[in-house]
Every structure is written in structure tokens, then in C-alpha cells.
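Here's the letter readout for the chains.
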Amino acid sequence: MKKSKLLLWILAALLLAGCSLAQPEREAEQEDRFVGFYVVRENEERNGGGFYNNPHLVERGSNTVELDGYGSFNVPDMVLFAEENAVGDPVFPDLEGYSLYILNGTYADGSSYTKVVSNMAPGEAGSNITVMDEGTENILSGTVYEGPPLGDEDWDAYEDRNIWIAYRVYQTSDGRAYLDGGGNSFTGGSGKTGYTETQTYTYAENGETKKTDTIKVSLSLQMIPRLEKLIVTQFDENNAILQSDDLNLQNDRPELHCLPETAWVLVEEVSAEGTERTVYNPPEGEDPVTHDYVPLDDEGFGYMAYLNIYAQ
């Protein structure tokens, strides 16, 4: 192989693997901050390909690479900026996934805002933002659910060949969110797996007071069975059945209006692993009691849905 062709091959490999998940994270531009994660499911053969083959990548800076016998070379840093969709939410084009990050910015009138961008289910640690004299503490947590694709009765979580990649999301000083291909990968399996990352930023305010901002982001991946039925049964005060409904799982926000005689309500989630039962009293006011459940779509992705139980 000629030296020039070998060099091109090496540089191409570096572009694909130099920022790979196995490498130490790239230091972002000095004014940029880590703000959370964007989680993408890849198959085993295309680990990371969803980012590196994205047609919307743009060059933003470069890294110097030393190659023995060839000298130093500048390798461009390729990033994927978020774009606004039709309703004004940030999305990463041609890269479907789950968001969990926080954006800070300034409106045209000079007022500031903080926005949590997430389409994940809530995590165990919750999410909250605490503003103190010493700085701001940002805690984000989210859960991604995975299960058998529709019709795949032989699906086994241990044999699942999909890889989940938690890409780090950064925000520029002018408020734009982007991915640089760095992050961490993990696989599923029975039960729940998780990953947490914390970063801190210290800065001077008005040239004098030092403050420290902290962001802690926790992710969890949970394997669940496919929900087959959601049955809601109303009982009177003598525990006699008044009415039983097998709700439509395609409706992610079904409603139930209790009968006047209803004393308590039983919600049953039926799957191949058995039945989970939850009991509720009818609400006393206009606000409903909410039952959370997680159905799976055709591909096996889980999402949060809510059953609202009203008094009447």
C-alpha cells in the first residue's frame, strides 16, 4: 500500500474511531458545558454508526493527532447540532433517541430561562434544580424501558444484541445544544442497569465572587415484559363488582369515571410474567387519581402512559 493511501486510511479510521466511546472524552470548547445525555439504541454491527454516518454533521474545531513516521495532523471535530421541530422542541436530526438534558439561555428581553428537555420516564432520583448563593445544583434522572418487539415470543433480554449509547450533550455559550460523538455505551439484560455522571463548573461572577455549578445526570435502562391488558374493575362497599373494563392500550391517556356507588377501584396490569394489582379509592374532588403504566411500542420501546381515574 502506498504511503499516501495508508495515511488516508489511517485518518479515515481516526475520524470514525478517534472520538469513539472507548476513548477519553474530548474536552469541549472552553465556553461549552455538559448538560446531559441523548440516549440512542444501536445494533451490535452498527455501534456508533448512527452518529458518525449522520448527514447533518458539521465541522467545529479540530484535534492534533501525532502519528509515528507521518508527523502531526489536524483531524476535524464533527458535531451534530440540535434543531427545532415543528412545535419548537430541540431534536437531533436523523438520530432517533431519548433526551435528558437541561438548557439555560436568555430571552430577547434579557430575562433568563432554564428548560429541561426530556422524553424519558422519570428516574428514581427525580429531577430538580436548586439555586443557591454558592451556585446552582442540577439533578436529572430518567429511565428508558425496553422489552420484546411485538410478536417476538422468543425474545430474551440476555440475548438482545442492541447497544444503548448515552451521547453527552453540550451547550454552547449562545445556547445551542450539540453532540460530539462522545459518551458511554451499555447493554441491557434482565432487570435494570444504570449510569451516572457528575460535572462541575467554577466561575467568577462580576469578577469577584466565585460560584460552582454542578450537574448530575442519572440514567437507567430497565427491561420489562410487554403489557397485554390493562383491566380496571370498580367495586361497591360490599366488594361486589360494579363494572370491569379492559382498556385500550393504544390510548396513552385513558380515562375512567367512577360510578356513584364505587367504593374502590382495582387496576390490573397483565403480562406474560403475571399480573400486578393496584388499589385506589375514588378521588374526592375534581382532580383525578393517576395510575402510571408502561406499554411497549411495536419495536419494544417503552414509554410512560397515564390512566386518569375521576370521581364520576
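Residues numbered from 1 in each chain as written. Predicted model: local features only at pLDDT ≥ 70, side-chain atom pairs only at ≥ 80, totals over all residues. Heavy atoms only, no water.

Visitor: Got a minute to help me understand the pattern of salt bridges in this structure?
Guide: Opposite charge on two side chains makes pairing possible when the charged atoms of those side chains draw close. A complete count under the given rule lists 6 salt bridges for this structure. Its salt-bridge partner being Arg41, residue Glu146 comes within 2.9 Å of it at the nearest N-O pair. Of this pair, Glu146 sits in strand β10 (residues 135–146) while Arg41 sits in strand β1 (residues 33–43), placing them 105 residues apart in sequence. A salt bridge links Arg168 to Glu197; the nearest nitrogen and oxygen atoms lie 3.0 Å apart. Highlighted residues: Arg168 in strand β11 (residues 162–171) and Glu197 in strand β13 (residues 192–205), separated in sequence by 29 residues. With relative accessibility at 7%, the residue Arg168 sits in the buried group. Looking at Glu197, the relative accessible area reads 7%, which means it is buried. (Salt bridge = Lys/Arg side-chain N within 4 Å of Asp/Glu carboxyl O. Helix = DSSP H or I, 4+ residues; strand = E, 2+ residues; numbered from the N terminus. Buried < 20%, exposed > 50% of the residue type's maximum accessible area, 1.4 Å probe, protein only.)

Visitor: Help me understand the layout of surface pockets in this model?
Guide: The gaps of empty space that remain are located by a probe, the size of a water molecule, rolled over the atoms. In this structure, the largest pocket occupies an estimated 560 Å³ of space. Forming the boundary of the largest pocket are 27 residues, of which Arg33, Asn104, Gly105, Gln171 and Asp213 lie nearest the centre. Among the elements that line the lining of the largest pocket, the one with the most residues is strand β6 (residues 98–106), at 4 residues. Its residues placed into classes, the lining of the largest pocket shows 8 nonpolar, 14 polar and 5 charged. (1 Å grid on protein atoms, 1.4 Å probe; cavity = no way out; pocket = protein on both sides within 12 Å on 5 of 7 lines; lining within 4 Å. Points joined across faces, edges and corners; volume = space filled by probe spheres on them. Nonpolar A, V, L, I, M, F, W, Y, C, P; charged D, E, K, R; others polar.)

Visitor: What's the story with the pairing of strand β18 (residues 264–271) in this structure? I'm lost.
Guide: Two faces belong to every sheet, and in a regular strand the side chains alternate between them. Taking burial as the measure, the 8 residues of β18 include 7 buried ones, the bulk of the element. In this sheet, strand β19 (residues 274–280) lies alongside β18 in antiparallel orientation, the contact comprising 7 bridges. Note on β19: the bridge partner recorded for Val270 is Thr275. In sequence, β18 turns back onto β19 through a hairpin of 2 residues. (Pairing = 2+ DSSP bridges.)

Visitor: What exactly am I supposed to notice about the environment of His291 here?
Guide: Examined against the element boundaries, His291 turns out to sit in strand β20 (residues 289–293). Given the relative accessible area of 4%, His291 is considered buried. Placed 12 residues apart in sequence, His291 and Val279 show a C-alpha to C-alpha distance of 9.8 Å. In this view, His291 contacts Val267, Glu269, Thr278, Tyr280, Ala305, Tyr306 and Leu307; residues no more than four positions away in its chain are not counted. In this structure the side chain of His291 is engaged in a polar contact, spanning 2.8 Å, whose partner is the side chain of Glu269. (Contact = heavy atoms within 4.5 Å. Polar contact = N/O pair within 3.5 Å; in protein donor to acceptor, adjacent residues only side chain to side chain.)

Visitor: What am I meant to see in unusual backbone geometry here?
Guide: Peptide bonds are trans in most cases, and residues, glycine excluded, mostly fall at negative phi. Of note in the backbone geometry, Asp94 takes a positive phi value of approximately 55 degrees without being a glycine. Relative to the elements of secondary structure, Asp94 occurs in the loop between β5 (90–91) and β6. When its relative accessible area of 56% is taken as the criterion, Asp94 is described as exposed. Despite not being glycine, Asn239 shows a phi value in the positive range, around 65 degrees.

Visitor: In this structure, what is going on with the sheet that holds strand β16 (residues 241–246)? I would like to understand it.
Guide: Backbone hydrogen bonds hold the strands of a sheet together, and the pairing may be parallel or antiparallel. The 4 strands are arranged β16-β15-β18-β19 in an open sheet whose pairing can be described as antiparallel. Edge positions in the open sheet fall to β16 and β19, since each of these has one partner strand only. Pairwise comparison of adjacent strand axes, ignoring direction, gives a mean angle of 20 degrees for this sheet. (Axes fitted to C-alpha atoms, helices over the stretch in contact; angles between N-to-C directions.)

Visitor: What is the right way to read the pairing of strand β7 (residues 112–118) from this model?
Guide: Bridge count between β6 and β7: 7 bridges; the pairing is antiparallel. Across the sheet, residue Leu103 finds its bridge partner in β7, namely Lys115. Where β6 hands over to β7, the hairpin turn is made up of 5 residues, of which Gly110 adopts a positive phi near 95 degrees.

Visitor: Would you mind showing me how to read the nonpolar core here?
Guide: Across soluble globular proteins, nonpolar side chains show a tendency to be buried alongside one another. Val39, Phe92, Leu95, Tyr101, Trp164, Val169 and Leu179 are the most contacted members of the largest nonpolar core, which has 43 residues in total. Counting only elements with at least two residues in this core, the list comes to β1, α2 (49–52), β3 (71–81), β6, β10, β11, β12 (177–186) and β14 (209–223). Ranked by residue count, the leading element in this core is β11, at 7 residues. Each residue touching Leu95, except ones within four places of it in the same chain, is listed here: Tyr38, Val40, Gly50, Phe51, Asn54, Leu80, Tyr167 and Leu179. Among the nonpolar cores identified, the runner-up in size contains 15 residues, and Leu249, Val265, Ala305 and Ile309 belong to it. (Core = buried A, V, L, I, M, F, W, Y, C linked by side-chain atoms within 4.5 Å.)

Visitor: Any chance you could explain the packing of aromatic side chains here in plain terms?
Guide: Two measures describe an aromatic ring pair: the distance that separates the ring centres and the angle between the ring planes. Following the criterion strictly, the structure yields 13 aromatic pairs and no others. Ring centres of Phe235 and Trp264 lie 4.0 Å apart, and the angle between their planes is 5 degrees; on these two criteria the pair is classed as stacked. One end of the pair, Phe235, is in strand β15 (residues 227–235); the other, Trp264, is in strand β18, and 29 residues separate them in sequence. One aromatic cluster is present, built from ring pairs that chain together Phe34, Phe37 and Tyr195. A cation over a ring is seen here: Arg41 above Phe301, with NZ or CZ 4.0 Å from the ring centre. (Phe/Tyr/Trp six-rings, centres within 6.5 Å; stacked < 30°, edge-to-face > 60°. Lys NZ or Arg CZ within 6 Å of the ring centre and 35° of its normal.)

Visitor: Whenever I open this one, the sheet that holds β20 confuses me. Can you help?
Guide: Overall, mixed pairing links the 3 strands, which are arranged β17-β21-β20 in an open sheet. A single partner strand is all that each edge strand has here, and the edge strands are β17 (255–257) and β20. Neighbour-to-neighbour, the strand axes of this sheet turn through a mean angle of 20 degrees, independent of strand direction.

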